[in-house]
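Next come the chains, spelled out residue by residue.
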Amino acid sequence: MEERIIDDEYGRGIRLKKTKDGYVDATDELAEDVSEAETENAVETDEADEIDLKFPVFAMDEDDEELVGLSPEEALALIQKREREAAERKAEYEKICKEGEELLSLRSFHAAELKYEKALQLDGIATEASVGYWRAKTADFTEPDVLIEEYAEAGAESLEYDLGTEAVEKIRQKYSDVFKKRLEELTAEETPLAEELERKTTLRREILKGRRKGSFLRLAIAAVPLIAALVFTLVFGLKISSTRTNEYVLPTIIAGSVSFVLFIVNLIFANKYINDWRMYKANERKTSTEDGQRLETIGYYKELYEFLSVNE
């Protein structure tokens, strides 16, 4: 009788017993519902041969294609190899993070940034490397806008996703005072800027409203003779074939020429009206001016700084 056993760390057992009646009883060694009493009773009552079989159970992803088709020994060797490589990566990660921390303490921010960039590639979560990287990028958060600018439009959710929840929490706890101070500075800048922008917008609105009204009036006036000239051109043109003397040919040509000139004039007035209308609409958009763009940026920045500030 051959018995095959694989290390308990990677295997589980199935116990087969042949009873005196000729039946085979299979028992899972890990089954929770098999009591000690039942086991003892089975030993006492069954006169049979007993065989212990061990089947490998690997803790692996079902979609791991590299393990498909391998024998238990080959799969175990591959798993052990992966574990060794993971341990080596972890050791290298910790070593690089330690070197990065030393560079930060020396305020060698660019060198520390390069170190942490390398560490980020060695670990999936990389909380320590993520915190260190942004400490280096922001000169230990003396320039916090460097981080905020990166995620200004993407928002807090994207920031937390990229840095990791634990990294964001560590940054929030350690530099909360920095973020609160910067938030106060932005609020102080935002209030007068918003008031000034509103004042300028209102002033331009009145001017542009008058210009738009004037250009529309000129376009309407210019359209009247154009319509009249087109009507005369049509009427004279239809009458050309009604007489043999061709007396309507010249009036048709004259009316058509006048229509063409008036059409060019109307195009000029229409272009002027369209430009005035576009300027009026642009004035209503805050981002159409430098002050408005700055105000929008402050809004993005404040949202992130509020997210990073710890509420006491």
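For the structure itself, look to the data block above.
For clarity, every value in this text was computed on a predicted model and none was experimentally measured.

## Focus on the overall build of the chain
For step 1, the next point in the chain: Regarding its fold elements, the chain presents nine helices and three strands.
For step 2, the next point in the chain: Listed N to C, the secondary structure of the chain is β-β-α-β-α-α-α-α-α-α-α-α in terms of helices and strands.
For step 3, the next point in the chain: Counting only residues that meet the buried cut, the chain has 29% of its 312 residues in that class.
For step 4, the next point in the chain: Counting contacts in the chain only where the partners sit at least 6 residues apart, residues at least 24 apart contribute 66% of the total.
For step 5, the next point in the chain: Accessible surface, the chain as shown: approximately 21,200 Å² in total, 54% of it carbon and sulfur.

## Observations regarding the packing of helix α6 (residues 156-163) against helix α9 (residues 290-308)
For step 1, the next point in the chain: One can describe the packing of α6 onto α9 by two numbers: an axis separation of 10 Å at closest approach and a directional angle of 55 degrees. Put simply, α6 runs oblique to α9. Along its contact with α6, which presents Ala156, Leu159 and Glu160, the element α9 presents Leu304, Phe307 and Leu308.
For step 2, the next point in the chain: Classifying every residue of the contact of α6 with α9 gives five nonpolar, no polar and one charged.

## Examining the side chain of asparagine 266
For step 1, the next point in the chain: Mapped onto the elements of the fold, asparagine 266 is located in helix α8 (residues 249-284).
For step 2, the next point in the chain: Asparagine 266 sits in the buried class, given a relative accessible area of 8%.
For step 3, the next point in the chain: For asparagine 266, the contacting residues outside a window of four places in its chain are Leu219, Ala222, Ala223 and Leu226.

## Remarks on the layout of surface pockets
For step 1, the next point in the chain: Space inside the largest pocket adds up to approximately 180 Å³.
For step 2, the next point in the chain: Taken together, 13 residues make up the lining of the largest pocket; nearest its centre are Leu120, Ser130, Trp134, Asp162 and Leu163.
For step 3, the next point in the chain: Per-element accounting of the lining of the largest pocket gives the leading share, three residues, to helix α4 (residues 127-137).
For step 4, the next point in the chain: Along the lines of polarity and charge, the residues of the lining of the largest pocket split into seven nonpolar, three polar and three charged.

## Description of the environment of leucine 262
For step 1, the next point in the chain: Looking at where leucine 262 falls in the secondary structure, it is placed in helix α8.
For step 2, the next point in the chain: Since its relative accessible area comes to 18%, leucine 262 is described here as buried.
For step 3, the next point in the chain: With residues up to four places along the chain from it excluded, the contact list for leucine 262 reads Pro225, Leu226 and Ala229.

## Focus on helix α3 (residues 109-120)
For step 1, the next point in the chain: For α3, built from 12 residues, the straight-helix expectation of 16 Å at 1.5 Å per residue is met to within 8% by its first-to-last C-alpha distance of 16 Å.
For step 2, the next point in the chain: Within the sequence span of α3, burial applies to Phe109, Ala112, Glu113, Tyr116 and Ala119. Seen along its axis, α3 keeps its buried residues to an arc of 120 degrees; they face one direction.
For step 3, the next point in the chain: As for α3, its buried residues are in contact with α2 (72-105) and α4.

## Focus: the packing of aromatic side chains
Pairs of aromatic rings are described using the distance from one ring centre to the other and the angle between the two planes.
For step 1, the next point in the chain: Tallied over the full model, the rule gives eight aromatic pairs.
For step 2, the next point in the chain: Here phenylalanine 141 and phenylalanine 179 contribute two aromatic rings whose centre-to-centre distance is 5.7 Å and whose plane-to-plane angle is 85 degrees, an arrangement assigned as edge-to-face. On the criterion of sequence distance, the pair formed by phenylalanine 141 in the loop between α4 and α5 (145-150) and phenylalanine 179 in helix α7 (residues 165-239) is long-range, its members being 38 residues apart.
For step 3, the next point in the chain: Summarising the aromatic geometry, the rings of phenylalanine 216 and tyrosine 273 are spaced 5.5 Å apart at their centres and angled 55 degrees between planes, so their arrangement reads as tilted. You can see phenylalanine 216 sitting in helix α7 and its partner tyrosine 273 sitting in helix α8, a full 57 residues away along the chain.
For step 4, the next point in the chain: You can call phenylalanine 216 partly exposed: its relative accessible area is 46%.
For step 5, the next point in the chain: Take tyrosine 273: its relative accessible area is 22%, and that puts it in the partly exposed class.
For step 6, the next point in the chain: An aromatic cluster is present here, built from Phe141, Tyr175, Phe179 and Tyr305 joined pairwise through their rings.

Rules of the game
- Residues numbered from 1 in each chain as written.
- Predicted model: local features only at pLDDT ≥ 70, side-chain atom pairs only at ≥ 80, totals over all residues.
- Heavy atoms only, no water.
- Helix = DSSP H or I, 4+ residues; strand = E, 2+ residues; numbered from the N terminus.
- Buried < 20%, exposed > 50% of the residue type's maximum accessible area, 1.4 Å probe, protein only.
- Contact = heavy atoms within 4.5 Å.
- Areas by Shrake-Rupley, 256 points an atom, 1.4 Å probe, with all protein chains shown as cover.
- Axes fitted to C-alpha atoms, helices over the stretch in contact; angles between N-to-C directions.
- Parallel < 35°, antiparallel > 145°, perpendicular 65-115°, else oblique.
- Nonpolar A, V, L, I, M, F, W, Y, C, P; charged D, E, K, R; others polar.
- 1 Å grid on protein atoms, 1.4 Å probe; cavity = no way out; pocket = protein on both sides within 12 Å on 5 of 7 lines; lining within 4 Å.
- Points joined across faces, edges and corners; volume = space filled by probe spheres on them.
- Expected span 1.5 Å × (residues − 1).
- Arc of directions from axis to C-beta.
- Phe/Tyr/Trp six-rings, centres within 6.5 Å; stacked < 30°, edge-to-face > 60°.

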